[in-house]
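# Analysis of the macromolecular model
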Amino acid sequence: MAGAGPESALGGLLDYKTAKFALTRNRRVGLLHRLLQLGVLGYLFGWVLLVRKGYQDTDSAPRAAVVTKLKGAAVAGTARRLWDAADYARPPQGEDVIFLVTNFIATAQQAQGTCPESAAVLDAMCSEDADCPMGNPVARGNGIKTGKCVMFNTTHSTCEIYGWCPVENSTLPRKPLLAEAENFTLFIKNTIHFTKFNFSKCNTLQTNDPTYFKTCLYDSFFSPSCPVFRVRDMVEAAGETFGDLALLGGSIGVHIEWDCDLDQPVAQCQPQYSFSLQDRNYNFRTASYYWDSQRQLHRNLLKLYGIRFDISVHGQAGKFSIIPAAVSFGTGIAFFGAATVLCDLVLLYLDAKAEFYWKEKFEEAKPPKCKTEAAA
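This report concerns the structure included in the present document. Just so you know, the residues in each chain are numbered from 1, in the order the chain's sequence is written. Local features are withheld for residues below a pLDDT of 70 in this predicted model, meaning they are given only at 70 or higher, and side-chain atom pairs are given and counted only at 80 or more; totals for whole chains, interfaces and linings count all residues. Only hydrogens and water are set aside; all other atoms, that is, all heavy atoms of the structure, feed into the side-chain values.

## Topic: the pairing of strand S7 (residues 143-151)
Sheet analysis places S7 next to strand S8 (residues 157-165), joined by six bridges and oriented antiparallel. Within the sheet, the bridge partner assigned to glycine 143 lies in S8 and is glycine 163. Here S7 folds back onto S8, and the loop between the two strands holds five residues. Any two strands between which DSSP finds at least two bridges are classified as paired. Helix and strand assignments follow DSSP, with helices taken as H or I runs no shorter than four residues and strands as E runs no shorter than two, numbered in order from the N terminus.

See below:
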């Protein structure tokens, strides 16, 4: 017996277990098995193949190029100055970010010198010269203190500063000065390239008509290939009204989404546009400089309010490939096997007749004894 130990252990190591099929008349486990199989089929064909298109290889990191251009004209200000695309578009050569001026505050003919700081600046208020230490900058102001407290108007005294004088005008118009900008148009040309499939597509209609882009406006149903958008329509699509947003400015996100099934005709690969409000109260300052007849440097300062358009492009393309298709079907087959294993566990451990099914499922197959051993 002592010598049989290693031999028995070696025999157990080399044993082979083969599957045995036992037909059981258990309706509950049979119903569970069919339901699991139906669930696997629904998952495989409904979700993996139809919804997720698991038979396709995908490219979700395309290269994108965006070119934008604003069009329109407006008259603003008491001088009835004409504003065209060269004036209200920043930067002049539009890319994926472009700014449209809708309102502004102008401070004309500023020159470097000394003048009272604005009474709207809290750090500039004073009652004597000691309140204005020379050389200190005015916090959130327009210059450097000269050490003097001077009269700003009949009711306020402020520190005198060295800076661009007169100080910046802070009176905001009650209505946007470029109200006509709501009818301006924004041309967005977008080209996307899926490098994995060497596939490129542009959102513009391929036409020989030179007047098409000068007359069309984007419509998701009638003109899906016209990349010309009216500013008011974009603002309203973002859930805002042009008049409210144009007064103090804001930022609108323009999202271009490409979802291309390259197993379908190329014409069905079209972008989807959406718009969202990202921020309110957007402005910045800019100035134009010139020399007067006395060779003194002057500037005209503009505080510009307007709508900033941030354009982002995302996309995904899919095309049939044997590898993801094989993986998807292999996963489905594995789930079928998992359904059988789960039903076996229910039958052998949770059923009332588990002991009976256990004996029927597992059986040790012993080879018949040799004749010499039987005779002995």
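## Topic: the side chain of threonine 107
Structurally, threonine 107 can be placed in strand S6 (residues 97-116). The classification of residues rests on relative accessible area computed with a 1.4 Å probe and restricted to protein chains. Under 20% of the type maximum is buried, over 50% is exposed, and intermediate values are partly exposed. We classify threonine 107 as buried; its relative accessible area is 5%. Within polar-contact distance, the side chain of threonine 107 engages the backbone nitrogen of asparagine 169 at 2.9 Å. Apart from the residues lying within four places of it in its own chain, the contact partners of threonine 107 are Pro166, Val167, Glu168, Asn169, Arg299, Asn300 and Leu301. Any N or O atom pair separated by 3.5 Å or less is treated as a polar contact, with the protein-specific requirement of one donor-capable and one acceptor-capable atom, and with residues adjacent in sequence counted only for side-chain atom pairs. Note on contacts: a residue pair qualifies if any of its non-hydrogen atoms lie within 4.5 Å across the two residues.

## Examining the nonpolar core
For this analysis, a nonpolar core means a set of buried residues of the types Ala, Val, Leu, Ile, Met, Phe, Trp, Tyr and Cys, connected via side-chain atoms within 4.5 Å. By size, the foremost hydrophobic cluster in this structure holds 45 residues, and its most contacted members are Trp83, Tyr88 and Phe309. The leading source of residues in this core is strand S15 (residues 297-320), at seven residues. Excluding its chain neighbours within four sequence positions, the residues that come into contact with tyrosine 88 are Leu70, Lys71, Gly72, Ala73, Trp83, Phe99, Leu100, Val101, Leu178 and Phe184. Cys115, Ala124, Ile161 and Cys165 belong to the second-largest nonpolar core, a separate cluster that totals seven residues.

## Describing the environment of phenylalanine 194
Within the element layout of this structure, phenylalanine 194 appears in strand S9 (residues 185-194). Sequence separation between phenylalanine 194 and aspartate 59 is 135 residues; the distance between their C-alpha atoms is 6.5 Å.

## Section: the state of the cysteines
Note on terminology: pairs of cysteine sulfur atoms within 2.5 Å are recorded as disulfides. Counting across every chain of the model gives five disulfides. What pairs with cysteine 115 in a disulfide is cysteine 165, and their sulfur atoms sit 2.1 Å apart. Disulfide cysteine 115-cysteine 165: the torsion about the S-S bond is -80 degrees, which places it as left-handed. Of this pair, cysteine 115 sits in strand S6 while cysteine 165 sits in strand S8, placing them 50 residues apart in sequence. Each of the two residues, cysteine 115 as well as cysteine 165, counts as buried.

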